[in-house]
Amino acid sequence: MINYREKIADLIAPLVEGLEREEILNMIETPADSKMGDFAFPCFKLAKVLRKAPPLIAKGIAEGLSGADIFAKVEQVNAYVNMFIAREDFVKGVVEEVNAADADYGKCEDGEGKTVIVEYSSPNIAKPFHIGHIRSTVIGASIAKIYDALGYDVVRINHLGDYGTQFGKMIVAYRRWGNKQDVIDEPIKTLLSYYTKFHEEAENHPELEDEARATFTKLENGEKEETELWQWFRDESLKEFNRVYDMLDIKFDSYAGESFYSDKMPRFVKELADKGLMEEDEGANIVRLDDYNLPPALITKSDGSTLYITRDIAAAVYRKETYDFYKNIYVVASQQNLHFQQWIQILELMGYEWARDCVHVPFGLVSLESGTMSTREGRVVFLEDVLKGAVEKTREIIKEKNPDADPETAEEISRAVGIGAVVFNELSNYRIKDYVFSWDHVLNFEGETGPYVQYTHARACSILRNAGEDAVAAAKEGFDPSYITGDSAHRLAMLLYELPDVIREAGEKYEPSIVSRHIIDIAQAFNKFYHDEHILVDNEEEKKAKVAMVLAARNAIRNGLDLLCMKAPEKM
Ligand code: ARG
């Protein structure tokens, strides 16, 4: 298919002197109002170079372009050249390409031979996996899918929070007040209760803190009993996390978390010292970052134990040495902005020239309608409960709408739609924005929601089923585009055409909401097309063209949903 922007730049370049083709390419706009054309070229910038009034320049360009066969019409309006493309060729090119590429439409090979690491989810062992964790988990999984679609080799890492002094406390608490069966039955709730109990008791018995420190040192030294307990806590917690990952159909290539780096740190502590970056401060070791307007970073405590940031330094170097990444992406809450600023600055000071290939992708807070969450006060909403609740509610809605549905299918759809609703809700906001979790919004089938998009996809599938396999096969072979040049068909074609660029942009900006917004636009445009046009008409040629268009819309929506980690049921 022709790349229209490139083509337009080629056509305009010889008409204006003093402007590079590349610059022209960047100046081409897509007007918000389709009355102003499919593409527009503003001439303000040219006035200086050409020493002419912008409308006059626009007029000259419009005249120069009017013969080109990619256009139906070219107009000058004030300082703009408004271009209307020849709809038949355009829609034919787009629809044929989408249907030929099928599941690959939207993919490209930009990233060939390059490895991108996406680190996401990364919960802390023995702590609740709550609604807040959905953000990193789902945004990260979607970014990974997007980079995959852009042709990169993607490595998905779950940097588990499975190390640190709190494990000393947990072991002490378990030995004193613990019960094996309770941990097996409900690992996270039980371990958390030990942790809370430890803090309560330690207020009156400060010697517990010393005991915990000593226990952690034993763990660090790899002593058998402590290591086995820690390993057990970790395994039991992971079982619980994995239940949620399974529900979301999210996978990782590596669970190398903080503990993985526990024996890899001395090298970096030494390196920081050798490079003269570290100084002693009351027995602890710190890196001063005053020159960068950042507070000092604590590398080792006075008892020699390392910290979160030390492990992140080791992890970055390990990842570079292991995967030779092109980019190393961390999808972590904006509360950790300072941590990542310090960390990247230290990597740079250490002289790693790839430091800036590490990217922190932050996101805002999620809160509940009833106020903020608090682990300590027990105001926690477990992610697993939210997902189960969404499936449950969807099941009820489906039962109401379609009481005779086959129970097995209904169950499958409830899962796809219920979980999809939560996921889409997560991905339809700019990630940096804080938001309030609301059931009413998430499960609304009419609004700009996951269920709406999935429902639109199912509607397209249903039209294709009614058309019949033969008609669909024929539509793939070819069609007469003159039947699909109406305004709503043209708008839909334009959105399908833009999808590959939209995916690229979402990758560059680490912003899945760019994809979700576009998929909503496609769904709305499709519904308008469906509303405006009679699709399964008697005229075979007309029907074939329209079925081809429906198929293309279906393919694009399905591919988009996949990038958002959502299922696309064919019936709803
Ligand atoms: N476990 C951390 C937390 O729950 C997030 C880890 C983020 N990743 C990293 N490499 N520091 O807050």
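Let me sum up the structure you'll find in this document. What you see is a predicted model; the values in this text were computed from it and never measured.

1. Brief notes about the overall build of the protein
1) Next: When helices and strands are tallied, the protein shows 22 helices and twelve strands.
2) Next: The dimensions of the protein, computed from C-alpha atoms along their principal axes, are 85 × 70 × 40 Å.
3) Next: Buried residues in the protein amount to 53% of all 572 residues.
4) Next: Restricting the contact set of the protein to residue pairs at least 6 apart, pairs at least 24 apart contribute 73%.
5) Next: Summing over all exposed atoms, the protein offers an accessible surface of approximately 26400 Å²; the carbon and sulfur share of this is 46%.

2. Here we look at the pattern of salt bridges
1) Next: Applying the stated criterion to the full structure yields 43 salt bridges.
2) Next: Taken together, the shared-partner salt bridges connect Glu6, Asp10 and Arg21 into one network.

3. A short note on the packing of aromatic side chains
To describe a pair of aromatic rings, you give the distance between the ring centres and the angle between the ring planes.
1) Next: Under the counting rule described, the total for this entry stands at 27 aromatic pairs.
2) Next: Here Tyr4 and Phe39 contribute two aromatic rings whose centre-to-centre distance is 6.5 Å and whose plane-to-plane angle is 10°, an arrangement assigned as stacked. Here the residue Tyr4 occupies a position in helix H1 (residues 4-12), and Phe39 occupies one in strand S1 (residues 39-42), the gap between them amounting to 35 residues.
3) Next: Taking the relative accessible area as the measure of exposure, Tyr4 reaches 3% and is therefore buried.
4) Next: A relative accessible area of 2% places Phe39 in the buried class.
5) Next: Centroid distance Tyr152 to Tyr326: 5.8 Å. Interplanar angle 20°. Geometry classified as stacked. Taken together, the positions of Tyr152 in the loop between helix H6 (133-149) and strand S5 (153-157) and Tyr326 in the loop between helix H13 (308-323) and strand S9 (327-331) put the pair 174 residues apart, joining distant regions of the chain.
6) Next: The class of Tyr152 is buried, set by a relative accessible area of 11%.
7) Next: Linked through ring pairs, Tyr120, Phe129, Phe241, Tyr245, Phe252 and Tyr255 together constitute an aromatic cluster.
8) Next: Lying over the aromatic face of Tyr326, Lys114 brings its terminal NZ or CZ to 4.7 Å of the ring centre.

4. Here we look at unusual backbone geometry
1) Next: The phi torsion at Ser121 lies on the positive side, around 75°, for a residue other than glycine.
2) Next: Positionally, Ser121 belongs in the loop between strand S4 (115-119) and H6.
3) Next: Unusually for a residue other than glycine, Ala126 sits at a positive phi of about 65°.
4) Next: Considering the arrangement of structural elements, one finds Ala126 in the loop between S4 and H6.
5) Next: A residue is classified by how much of its surface remains accessible, and Ala126, at 2% relative accessible area, is buried.

5. Side note on the sheet that holds strand S7 (residues 284-287)
Paired through backbone hydrogen bonds, the strands of a sheet run either parallel or antiparallel to each other.
1) Next: One open sheet accounts for three strands, arranged S6-S7-S8; its pairing is antiparallel. Unpaired on one side and paired on the other, strand S6 (278-281) and strand S8 (297-300) mark the two borders of the sheet. On average, each strand axis in the sheet is inclined to that of its neighbour by 40°, with strand direction left out of account.
2) Next: Direction of pairing for S6 relative to S7: antiparallel, over a ladder of four bridges. Looking at the pairing, Asp281 lines up with Ala284 of S7.

6. Some thoughts on the state of the cysteines
1) Next: The full count for this structure, using the stated rule, is zero disulfides.
2) Next: The cysteine Cys461 is free of any disulfide, with Cys565 supplying the nearest cysteine sulfur at 20 Å.
3) Next: Overall, Cys461 belongs to the buried group, its relative accessible area being 3%.
4) Next: For Cys565, which is in no disulfide, the shortest distance to another cysteine sulfur is to Cys108 and amounts to 18 Å.
5) Next: Looking at Cys565, the relative accessible area reads 17%, which means it is buried.

7. Observations regarding helix H11 (residues 224-248)
1) Next: For H11, spanning 25 residues, the distance from its first C-alpha to its last is 36 Å, which sits close to the expected 36 Å at 1.5 Å a residue.
2) Next: Positive backbone phi, approximately 55°, marks Asp249, located one or two places after H11.

8. Focus: the packing of helix H20 (residues 487-508) against helix H22 (residues 540-563)
1) Next: Relative to each other, H20 and H22 sit at 30°, their axes nearing to 11 Å. Between H20 and H22, the interaxial angle falls into the category roughly parallel. The handedness of the crossing between H20 and H22 comes out as left-handed. In contact with Ala489, Leu492, Ala493, Leu496, Leu499 and Ile503 of H20, H22 contributes Met549, Ala552, Ala553, Ala556 and Leu563.
2) Next: Tallied by class, the residues present in the contact of H20 with H22 amount to eleven nonpolar, no polar and no charged.

Thresholds, definitions, all that
Residues numbered from 1 in each chain as written. Predicted model: local features only at pLDDT ≥ 70, side-chain atom pairs only at ≥ 80, totals over all residues. Heavy atoms only, no water. Helix = DSSP H or I, 4+ residues; strand = E, 2+ residues; numbered from the N terminus. Buried < 20%, exposed > 50% of the residue type's maximum accessible area, 1.4 Å probe, protein only. Contact = heavy atoms within 4.5 Å. Areas by Shrake-Rupley, 256 points an atom, 1.4 Å probe, with all protein chains shown as cover. Salt bridge = Lys/Arg side-chain N within 4 Å of Asp/Glu carboxyl O. Phe/Tyr/Trp six-rings, centres within 6.5 Å; stacked < 30°, edge-to-face > 60°. Lys NZ or Arg CZ within 6 Å of the ring centre and 35° of its normal. Pairing = 2+ DSSP bridges. Axes fitted to C-alpha atoms, helices over the stretch in contact; angles between N-to-C directions. Disulfide = S-S within 2.5 Å. Expected span 1.5 Å × (residues − 1). Parallel < 35°, antiparallel > 145°, perpendicular 65-115°, else oblique. Left-handed = near helix turned anticlockwise from the far one by under 90°. Nonpolar A, V, L, I, M, F, W, Y, C, P; charged D, E, K, R; others polar.

Distances and angles like these do not, on their own, reveal function.
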